[in-house]
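The chain contents come next:
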Amino acid sequence: MAGSIVVVLIILAIIAAVAIFATVRAVLRDGRGHAPIEPSQRPWTAGNLPSQPYSLIRF
């Protein structure tokens, strides 16, 4: 009985280590949370109608 618990704990430890490694790898490959660069062009407008919703426009 005690031997089966040890095997289960070893398997859980291996799964946890793989999950932590995969998370760190994904964060490092993603650019460490850097935001995308801001576009160099202003959004188009047609008269007073903006290309984005008013809630997203920063004046």
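Residues numbered from 1 in each chain as written. Predicted model: local features only at pLDDT ≥ 70, side-chain atom pairs only at ≥ 80, totals over all residues. Heavy atoms only, no water.

1. A word on the overall build of the protein chain
(1) Moving on: Counting its regular elements, the protein chain contains one helix and two strands.
(2) Moving on: Beginning at the N terminus, the succession of helices and strands in the protein chain can be written as α-β-β.
(3) Moving on: Sorting the 59 residues of the protein chain into buried and exposed places 0% on the buried side.
(4) Moving on: Accessible surface for the protein chain amounts to roughly 6,000 Å². Of this, 67% is attributable to carbon and sulfur atoms. (Helix = DSSP H or I, 4+ residues; strand = E, 2+ residues; numbered from the N terminus. Buried < 20%, exposed > 50% of the residue type's maximum accessible area, 1.4 Å probe, protein only. Areas by Shrake-Rupley, 256 points an atom, 1.4 Å probe, with all protein chains shown as cover.)

2. Looking at the confidence of the model for the protein chain
(1) Moving on: Of all residues in the protein chain, 61% have pLDDT values of 70 or greater, and the mean over the chain is 79.
(2) Moving on: Per-residue pLDDT, averaged within each element of the protein chain, yields its smallest value for strand 2 (residues 49–50) (66) and its largest for helix 1 (residues 2–29) (92). (pLDDT = per-residue confidence, 0-100.)

3. Considering a nonpolar patch on the surface
(1) Moving on: Judged by side-chain polarity, I5, V7, V8, L9, I11, L12 and I15 come together as a nonpolar surface patch covering roughly 650 Å² of accessible area.
(2) Moving on: Counting through the fold element by element, V8 comes out in helix 1. (Patch = residues over 30% accessible without salt bridge, like charges linked within 9 Å, V, L, I, M, F, W, Y side chains within 5 Å. Salt bridge = Lys/Arg side-chain N within 4 Å of Asp/Glu carboxyl O.)

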